[in-house]
Amino acid sequence: MVTELARLEVTDGVGILRLDRPPMNALDAQLQTELVALSREADERDDVAAVVVFGGEKVFAAGADVKEMAAMSYQEMVRHATLLQGFTRAIAAIGKPTVSAITGFALGGGLEVALSTDLRFAAENAKVGQPEILLGIIPGAGGTQRLSRLVGPSRAKDLIYSGRFVTAAEAERIGLVDRVVPAEEVLREAVDWASQFVGGPALALRAAKSSIDRGLEVDLQTGLEIERLEFTGLFATDDQSTGMTSFVENGPGKATFEGR
Ligand SMILES: CCCCCCCCCCCCC[C@H](O)CC(=O)SCCNC(=O)CCNC(=O)[C@H](O)C(C)(C)COP(=O)(O)OP(=O)(O)OC[C@H]1O[C@@H](n2cnc3c(N)ncnc32)[C@H](O)[C@@H]1OP(=O)(O)O
């Protein structure tokens, strides 16, 4: 698929999923569709061990394209309901470590994109929020579900009810972002984090992500069963034999894996 508003840039095993729709990376239907395709590509490519989502030096994403949505009727939005959460579901479904590098603003659908990655690193001057309520709507790309699971229902309600923007410092304090660094360093920080997984046990990383994410959606006993199945399944992989043989023969931390 030829993409115009986003691209996947792969360097040394790290895929940067770059949003590029100036001036604010407003998420219109085309950009959402491109994010779905690029997320699937990142998931399928053997030369991508981990993914960084990045909107550029100035802004991560200011949300869904309000100008596009303003003209939509109830019937039209219902017809696009599959696309509604499609782009964040696709990002969340990448079976590899993912991190968002947030600059400027991550608002509405933009924060929902960042909530779909495993971690979030923010520039010191970044501001994030779910201001949909100010438009007479609510988050529609997973924000009510992922934000409340991440920071707790009370904090999620505060942010979604008020629509207020949160500074990077407060976001880190409440667990909405994982690291805060100078703006000029946020992409490098995210790429460095992602690079640690290059040459790692890709199937074990995929299994870890699946167990944690799916476990959050079920009761404890079912989650333990998911873990059991993922754990035992890894004993059918070359990575497991590589990793354990290396430990026995060379000691800890010396294994080099196929990485796919
Ligand atoms: C026909 C098929 C349609 C199919 C659709 C598919 C279904 C839709 C699925 C969507 C699901 C997502 C659901 C999501 O939860 C909903 C949202 O995200 S709603 C939007 C939430 N975001 C916001 O409310 C933020 C709005 N923006 C601002 O508050 C400010 O712009 C800012 C980000 C704080 C920056 O302020 P400033 O620095 O002052 O800059 P400007 O305001 O002047 O902005 C510059 C320029 O960008 C335009 N712009 C900014 N944000 C958006 C936006 N979200 N959508 C569209 N355009 C935006 C702004 O209008 C300016 O444009 P200009 O005036 O220069 O032309």
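Note that the structure is a prediction, hence the values are computed from the model and not measured.

A. Region of interest: the sheet that holds strand 7 (residues 127-129). Spatial ordering of the open sheet is given by 5-7-8, a layout of three strands whose pairing is mixed. The open sheet has two free edges, formed respectively by strand 5 (105-107) and strand 8 (166-167), since each of these has just one partner strand. Pairing of strand 7 with strand 8 involves two bridges; the strand directions are antiparallel. Paired with Lys127 across the strands is Thr167, a residue of strand 8.

B. Spatial organisation of the domain arrangement of the chain. According to the domain assignment, the chain consists of domain 1 (6-195) and domain 2 (202-250). Computed from C-alpha atoms alone, the centre-to-centre distance between domain 1 and domain 2 is 27 Å. Residue-level contacts link eight residues of domain 1 with four residues of domain 2. A per-residue breakdown of the area domain 1 buries against domain 2 is headed by Gly95, Pro97 and Asp118, which together make up 55% of the total. Summed over the shared surface of domain 1 and domain 2, the number is two salt bridges. Inspection of the region where domain 1 meets domain 2 yields five residue pairs in polar contact (both at pLDDT 80 or more).

C. Expanded view of the nonpolar core. With 42 residues, the main nonpolar core has Leu35, Phe60, Ile102, Val128, Leu147 and Leu176 as its most contacted residues. The next biggest cluster of nonpolar side chains, apart from the first, holds 15 residues, and it includes Val14, Val99, Val191 and Phe197.

D. Molecular detail of the packing of helix 11 (residues 202-215) against helix 12 (residues 220-233). The geometry of helix 11 relative to helix 12 is characterised by a closest axis approach of 9 Å and an angle of 170° between their N-to-C directions. Our classification of the angle between helix 11 and helix 12 gives roughly antiparallel. Together, Ala207, Ser210, Ser211, Arg214 and Gly215 of helix 11 and Gly223, Ile226, Glu227 and Glu230 of helix 12 make up the contact between the two elements. Tallied by class, the residues present in the contact of helix 11 with helix 12 amount to two nonpolar, four polar and three charged.

The rules behind these values
- Residues numbered from 1 in each chain as written.
- Predicted model: local features only at pLDDT ≥ 70, side-chain atom pairs only at ≥ 80, totals over all residues.
- Heavy atoms only, no water.
- Pairing = 2+ DSSP bridges.
- Helix = DSSP H or I, 4+ residues; strand = E, 2+ residues; numbered from the N terminus.
- Domains from an automatic or database assignment.
- Contact = heavy atoms within 4.5 Å.
- Buried area = accessible area lost by both parts, 1.4 Å probe.
- Salt bridge = Lys/Arg side-chain N within 4 Å of Asp/Glu carboxyl O.
- Polar contact = N/O pair within 3.5 Å; in protein donor to acceptor, adjacent residues only side chain to side chain.
- Core = buried A, V, L, I, M, F, W, Y, C linked by side-chain atoms within 4.5 Å.
- Buried < 20%, exposed > 50% of the residue type's maximum accessible area, 1.4 Å probe, protein only.
- Axes fitted to C-alpha atoms, helices over the stretch in contact; angles between N-to-C directions.
- Parallel < 35°, antiparallel > 145°, perpendicular 65-115°, else oblique.
- Nonpolar A, V, L, I, M, F, W, Y, C, P; charged D, E, K, R; others polar.

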